[in-house]
Amino acid sequence: LAKTTQPISMDSYEGQEVNITCSHNNIATNDYITWYQQFPSQGPRFIIQGYKTKVTNEVASLFIPADRKSSTLSLPRVSLSDTAVYYCLVGTGFQKLVFGTGTRLLVSP
Amino acid sequence: KAGVTQTPRYLIKTRGQQVTLSCSPISGHRSVSWYQQTPGQGLQFLFEYFSETQRNKGNFPGRFSGRQFSNSRSEMNVSTLELGDSALYLCASSLTTGLGGGSEQFFGPGTRLTVL
């Protein structure tokens, strides 16, 4: 089971781009990388998922280098409502997602 | 399309009692997973059901059990409650089991269980 390491917390200001990097040195060939966002007292919300290179959707981009031992979630122009905990998960289909401690992002005015 | 619903939203029980939590997945989703979230342990995977069969199981004692019905609705049962079972119990549904296309999990609002 791939273990992930990500910063415990990050601070940013409104309008800035935020990049959260996750380390997963023992990622397996079949593993996908998935990011979730969670607000207090709510269930996590899927942000983005990728396997290699770059994936972009309407809310974020996910950058995965060739060796796949790390990944970076990029949030463009954050707002106060992006203050949340962000989880990086790595896994295949044969075990459900293992959530780490996540990164607490605080966006200030 | 309606989201994942969980009932009840809040529950207070005493030690030794048992509890049943219910989860209705998004229409068409066949995979239902359960998670426990506590401040100390974070989010921990309990088990996953797909087409009425338990497909994956986390590292929890046998007091935690679940089932899935033919309409994909799922229930989770905890017997002989302990104080440490106080947590937010989250249910998530997805189209498929596994990861990759169709595997995005949609979480419900959770059931807050307090054991006194």
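Here goes a summary of the coordinates provided. (Residues numbered from 1 in each chain as written. Chains lettered and ligands numbered in written order. Predicted model: local features only at pLDDT ≥ 70, side-chain atom pairs only at ≥ 80, totals over all residues. Heavy atoms only, no water.)

Right, let's get into the overall build of chain B. Of the regular secondary structure elements, chain B holds zero helices and eleven strands. Starting at the N terminus, the α and β elements of chain B follow one another as β-β-β-β-β-β-β-β-β-β-β. Expected size for 116 residues packed as a compact globule is a radius of gyration near 13 Å; at 13 Å, chain B falls within 12% of this value. For chain B, restricting intrachain contacts to residue pairs at least 6 apart in sequence, the fraction spanning at least 24 positions comes to 56%. Only carbon and sulfur atoms are counted for the fraction: they give 49% of the accessible area of chain B, which is about 5300 Å². (Helix = DSSP H or I, 4+ residues; strand = E, 2+ residues; numbered from the N terminus. Rg over C-alpha atoms; globule rule 2.2 N^0.38 Å. Contact = heavy atoms within 4.5 Å. Areas by Shrake-Rupley, 256 points an atom, 1.4 Å probe, with all protein chains shown as cover.)

Attention now goes to the pattern of salt bridges. Residues and elements named next belong to chain B. Following the criterion strictly, the structure yields four salt bridges over all chains and no others. A salt bridge links Arg67 to Glu75, with the nearest nitrogen and oxygen atoms 3.2 Å apart. Assessed through its relative accessible area of 47%, Arg67 is described here as partly exposed. Taking the relative accessible area as the measure of exposure, Glu75 reaches 16% and is therefore buried. Here the salt bridges do not stand alone but share partners, grouping Arg63, Glu82 and Asp85 into one network. (Salt bridge = Lys/Arg side-chain N within 4 Å of Asp/Glu carboxyl O. Buried < 20%, exposed > 50% of the residue type's maximum accessible area, 1.4 Å probe, protein only.)

This paragraph deals with the state of the cysteines. By definition, a disulfide links the sulfur atoms of two cysteine residues through a covalent bond. Tallying each qualifying case throughout the model produces two disulfides over all chains. Disulfide pairing places Cys22 of chain A opposite Cys88 of chain A at an S-S distance of 2.1 Å. In this structure the cystine formed by Cys22 of chain A and Cys88 of chain A twists about its S-S bond by roughly -80 degrees; its chirality is therefore left-handed. You can see Cys22 of chain A sitting in strand E2 (residues 18–23) and its partner Cys88 of chain A sitting in strand E8 (residues 84–91), a full 66 residues away along the chain. The same class applies to Cys22 of chain A and to Cys88 of chain A, which are both buried. Between the sulfur atoms of Cys23 of chain B and its disulfide mate Cys91 of chain B the distance is 1.7 Å. Between Cys23 of chain B and Cys91 of chain B, the S-S torsion sits near -50 degrees, and that sign places the bridge as left-handed. With a gap of 68 residues between them, Cys23 of chain B in strand E3 (residues 19–24) and Cys91 of chain B in strand E9 (residues 87–94) connect regions that are remote in the sequence. Owing to a relative accessible area of 0%, Cys91 of chain B belongs among the buried residues under this scheme. (Disulfide = S-S within 2.5 Å.)

All names here are of chain A. If you trace the four strands from one edge of the open sheet to the other, you get E2-E7-E6-E5, paired in antiparallel fashion. Edge positions in the sheet fall to E2 and strand E5 (53–56), since each of these pairs with one other strand and no more. Put simply, the sheet's adjacent strands are angled 15 degrees from each other on average, direction ignored. As paired strands, E2 and strand E7 (residues 70–75) are joined by six bridges and run antiparallel to one another. Bridge pairing links Val18 to Leu75 in E7. (Pairing = 2+ DSSP bridges. Axes fitted to C-alpha atoms, helices over the stretch in contact; angles between N-to-C directions.)

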